[in-house]
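Survey of secondary and tertiary structure
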Amino acid sequence: MGSCMSSPVGVEVTEVDKARHKEAEKQLKEARAKLENQVKVRSQFQLRSGSYMMAPGIALGVRRLGQVNNSEEIESFRQLVFDNLTRGMKYLLDAMDDMELKVSEDNIPHVEVIENASDLRDGEPFPMIYYEPLKWLWEDPGVQKAWERGNEAALPENLLYFFSALDRLFDPAYSPVEQDIIRCRARTIGITETIFDLRDHQMLMVDVGGQKSERRKWIHCFQDVTSILFLVSLSGYDQCLVEDKDANQMQDAMTIWDSICHSQWFKQTSIILFLNKNDLFEKKIFTSNIKSFFPDFEGEAGDIRAGRDYFKRRFAKLAQKAGRSKDREIYIQYVSLKLLLLTIDRSLSKHYNSYRYCYASGRDGRR
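Residues numbered from 1 in each chain as written. Predicted model: local features only at pLDDT ≥ 70, side-chain atom pairs only at ≥ 80, totals over all residues. Heavy atoms only, no water.

1. Quick notes on the environment of Ser259
Tracing the sequence through the fold places Ser259 in helix α11 (residues 249–262). Under the relative-accessibility criterion, Ser259 is labelled partly exposed at 41%. Taking the C-alpha atoms as reference points, Ser259 and Ala319, separated by 60 residues in sequence, lie 9.6 Å from one another. (Helix = DSSP H or I, 4+ residues; strand = E, 2+ residues; numbered from the N terminus. Buried < 20%, exposed > 50% of the residue type's maximum accessible area, 1.4 Å probe, protein only.)

Laid out in structure tokens, this is it:
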């Protein structure tokens, strides 16, 4: 496309004006080239709690875990870890009221300290005034009973990881490691965008939130999308929703998945289903029978492979019912983040000339 610059009769065009016009044309050309290589990802997480998500870990993983060098970004994750500790304990204490459980008398003063915990300031080490209250409350028999019944209250699943590392986290020199960042949970309100690179593509991840109150805002994110990434927590098969204690997280994810597969917006849109939190699934399946929540499950209690295959078939069947297998690709994975990225890349290679990529998901986190 050539460029030209005309001017009304009698108006002089100076060399400075021509230079500015040339620079503007150059910037427009660069912007078009960048847009052609940009992939839009719509991210709708199926949040385990109804209000939290794994966006920090996903975005970090797509960019590659070792590339978080920005001090402000690292500081934001450090503060988020502290928030996950204090807020997570508050959720536990609130759940104990519903379960009619109580902390021991010795730990009652610690409850007030945590209830009044304030946010961490920039550069502030984790305040030691919270160390013992968090430590003793976590070890409290009543709190541990509530934790064991966490599926009844959709408690954050990252609490065991963080509370097992209190000494490390409260070190004044503490800086988040990769696993800390991946396990962080941050609340999604409204629509947020994150840009990162995957091979030769620049990806624009649009996170639209997973909770029901956010779903009405999705519609304008659907235009010109070539692929959807839908994340569902495998370990959510026995979990309730924060906004509805009588609803099952996995059933809710299947309902959303079904609506996406049948949606007029996605008739020719490839969809990637990623069943994540496999590690938590493998641990809980021995104490929480799938059949208790999905009566049609025919596998043996504690059979990890049968459980994974069951949920994979359930989602695949819903996609098949939509009757659009000739017009689009459906990918279903339940392994690692690395495999997720490879699947995204494979999907992108089939839509190389498209610049918008939609990233979606099931319920999976909490803040």
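Now that the structure is up, let's keep going.
2. Focus: the layout of surface pockets
Taken as a whole, the largest pocket holds about 570 Å³ of empty space. In terms of lining, the largest pocket is formed by 20 residues, of which the most central are Trp147, Glu157, Leu160, Leu280 and Lys284. Looking at the lining of the largest pocket, the elements with two or more residues in it are α6 (141–148), α7 (159–163) and α12 (278–284). At 4 residues, the largest contribution of residues to the lining of the largest pocket is made by α12. Residue composition of the lining of the largest pocket, by class: 6 nonpolar, 6 polar and 8 charged. (1 Å grid on protein atoms, 1.4 Å probe; cavity = no way out; pocket = protein on both sides within 12 Å on 5 of 7 lines; lining within 4 Å. Points joined across faces, edges and corners; volume = space filled by probe spheres on them. Nonpolar A, V, L, I, M, F, W, Y, C, P; charged D, E, K, R; others polar.)

3. With respect to the packing of α11 against helix α13 (residues 304–321)
Helix packing for two helices is described by the angle between their axes and how far apart those axes are. The interhelical angle for the contact between α11 and α13, taken along N-to-C directions, is 30°, at an axis separation of 8 Å. Classed by the angle they form, the pair α11 and α13 counts as roughly parallel. In this structure, α11 meets α13 at a crossing whose hand is right-handed. For the pair α11 and α13, contact is made by Met250, Gln251, Ala253, Met254, Trp257, Asp258, Cys261 and His262 and by Phe311, Arg314, Phe315, Leu318, Ala319 and Lys321, respectively. When the residues that make up the contact of α11 with α13 are grouped by side-chain class, the tally is 9 nonpolar, 2 polar and 3 charged. (Axes fitted to C-alpha atoms, helices over the stretch in contact; angles between N-to-C directions. Parallel < 35°, antiparallel > 145°, perpendicular 65-115°, else oblique. Left-handed = near helix turned anticlockwise from the far one by under 90°. Contact = heavy atoms within 4.5 Å.)

4. Considering the pairing of strand β7 (residues 270–276)
When you tally the buried positions in β7, you get 7 out of 7 residues, the bulk of the element. Burial along β7 is two-sided: the face carrying Ser270, Ile272, Phe274 and Asn276 and the face carrying Ile271, Leu273 and Leu275 are both buried. By the bridge criterion, 7 bridges tie strand β6 (residues 227–233) to β7 in an arrangement that is parallel. Paired with Phe230 across the strands is Leu273, a residue of β7. With α11 bridging β6 and the parallel β7, this β-α-β connection has right-handed handedness. Here β7 pairs with strand β8 (residues 330–333) via 4 bridges, running parallel. What sits directly across from Ile272, in β8, is Tyr331. (Pairing = 2+ DSSP bridges. Right-handed = clockwise from strand over helix to strand, strands pointing away.)

5. Concerning the confidence of the model for the protein chain
Chain-level statistics for the protein chain give a pLDDT mean of 76 and a share of 62% at 70 or above. Taken together, the stretch residues 43–56 has pLDDT below 50 and engages in 103 contacts with residues farther than four places along the chain or on a different chain. Note that residues 352–367 has pLDDT below 50 and, in this model, 126 contacts with residues that lie over four places away or in other chains. (pLDDT = per-residue confidence, 0-100.)

6. A closer look at unusual backbone geometry
For Glu100, which is not glycine, the phi torsion reads 60° and is therefore positive. Here Glu100 is to be found in the loop between α3 (71–99) and α4 (108–115). Its identity as a non-glycine residue notwithstanding, Ala154 has a phi of 55°, on the positive side. Position of Ala154 relative to the elements: it lies in the loop between α6 and α7.

7. Observations concerning the nonpolar core
Membership of the largest hydrophobic core comes to 39 residues, with the highest contact counts inside it found for Leu85, Met89, Phe126 and Leu134. For this core, the secondary structure elements donating two or more residues are α3, α4, α5 (131–139), α6, α7 and α8 (166–169). The element contributing the most residues to this core is α3, with 12 residues. For Leu134, the contacting residues outside a window of four places in its chain are Leu85, Met89, Ile114, Phe163, Leu166 and Phe170. Cys261, Phe266, Leu273 and Leu318 belong to the second-largest nonpolar core, a separate cluster that totals 28 residues. (Core = buried A, V, L, I, M, F, W, Y, C linked by side-chain atoms within 4.5 Å.)

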